Amino acid sequence: MVLLSGGACRREPPPPPPPPPGRPAAVAPAPQDTAFAGTTAPIDRIRATRAGAAGLHGVEATTTQAYDRIVFAFTGDSVPGYHAEYVHGPVRRCGSGDPVQFEGPVLLVIRFAPAQAHDEAGRPLPAERERAVGLPVVKEMKLVCDFEGQVEWVLGVAAAAPYRVSELARPARLVLDVKRAP
């Protein structure tokens, strides 16, 4: 019995010819970040127990044409576990329970554990714990918890927009991108 398949003898088209000598090959432009899917649902990343809490030593905010970016920098070679989600209602400082006021109508919380935002002498790291960043989406950022192995930042944002979280190493950083409206 002979079985023929219409695609079995199909040949792939030949590759394009190389550029003439002396002319460099065309370079495709860098891809734009148009594939930003993101989510508005909570994101959880639980880490196995590590030796000691990760030290948060820096927080930076910037913007691009597609999203606002917040970068959390940690000591060590990996970021701690984290939980990110939009919340409704008042936010309270951990430990004291004092309410924290925000100007932005929507709040995006990012919590790290095990983590700390202070050095061994108790000095705050980073020193600036409240910041009016005034970006198109992210309006303000406040550290509301640095207590018992948890660090929590709250971002006051203009509207609940899709966000994504990325982890980078050497140095350890967590990148939070919040999509801008088109």
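Nothing here was measured: the structure is a model prediction, and the numbers come from that model.

Reading guide: rules and limits
Residues numbered from 1 in each chain as written. Predicted model: local features only at pLDDT ≥ 70, side-chain atom pairs only at ≥ 80, totals over all residues. Heavy atoms only, no water. Salt bridge = Lys/Arg side-chain N within 4 Å of Asp/Glu carboxyl O. Helix = DSSP H or I, 4+ residues; strand = E, 2+ residues; numbered from the N terminus. Buried < 20%, exposed > 50% of the residue type's maximum accessible area, 1.4 Å probe, protein only. pLDDT = per-residue confidence, 0-100. Contact = heavy atoms within 4.5 Å. Phe/Tyr/Trp six-rings, centres within 6.5 Å; stacked < 30°, edge-to-face > 60°. Lys NZ or Arg CZ within 6 Å of the ring centre and 35° of its normal. Polar contact = N/O pair within 3.5 Å; in protein donor to acceptor, adjacent residues only side chain to side chain.

A.B. asks: Explain the pattern of salt bridges here, please?
C.D. replies: Oppositely charged side chains are able to pair whenever their charged atoms sit close together. This model, assessed by the stated rule, comprises ten salt bridges. The salt bridge partner of E167 is R47, with a shortest N-O separation of 2.1 Å. Of this pair, E167 sits in strand 12 (residues 163-168) while R47 sits in the loop between strand 1 (43-45) and strand 2 (54-63), and the two are 120 residues apart along the sequence. Classification of E167 as partly exposed rests on a relative accessible area of 34%. Under the relative-accessibility criterion, R47 is labelled partly exposed at 23%.

A.B. asks: Looking at this structure, how should I read the confidence of the model for the protein?
C.D. replies: Detailed reading of the predicted model is not advised wherever pLDDT is low. When the pLDDT values of the protein are averaged, the result is 82; 79% of them are 70 or greater. Low pLDDT, under 50, characterises residues 1-32; the stretch is placed with two contacts to residues that sit more than four places away or in other chains.

A.B. asks: Where do I start with the packing of aromatic side chains in this structure?
C.D. replies: The relation between two aromatic rings is expressed through the spacing of the ring centres and the mutual angle of the planes. Counted by the stated rule, this structure contains four aromatic pairs. For the pair F74 and F112, a centre-to-centre distance of 5.0 Å together with 70° between the ring planes defines the contact as edge-to-face. In this pair, F74 sits in strand 3 (residues 67-74) while F112 sits in strand 7 (residues 106-113), placing the two residues 38 residues apart along the sequence. The buried category is assigned to F112, whose relative accessible area is 0%. Centroid distance Y86 to Y163: 5.6 Å. Interplanar angle 75°. Geometry classified as edge-to-face. Of this pair, Y86 sits in strand 4 (residues 81-87) while Y163 is found in strand 12, placing the two residues 77 residues apart along the sequence. Overall, the relative accessible area of 0% leaves Y163 in the buried class. Sitting above the plane of the Y67 ring, R164 keeps its charged end 4.9 Å from the centroid.

A.B. asks: So what exactly am I meant to see when it comes to the environment of R93 here?
C.D. replies: As for its placement among the helices and strands, R93 is situated in the loop between strand 5 (91-92) and strand 6 (99-100). Here the alpha-carbon distance between R93 and C145, two residues 52 residues apart in the chain, equals 5.8 Å. One polar contact links R93 to E130, side chain to side chain, over a distance of 2.9 Å.

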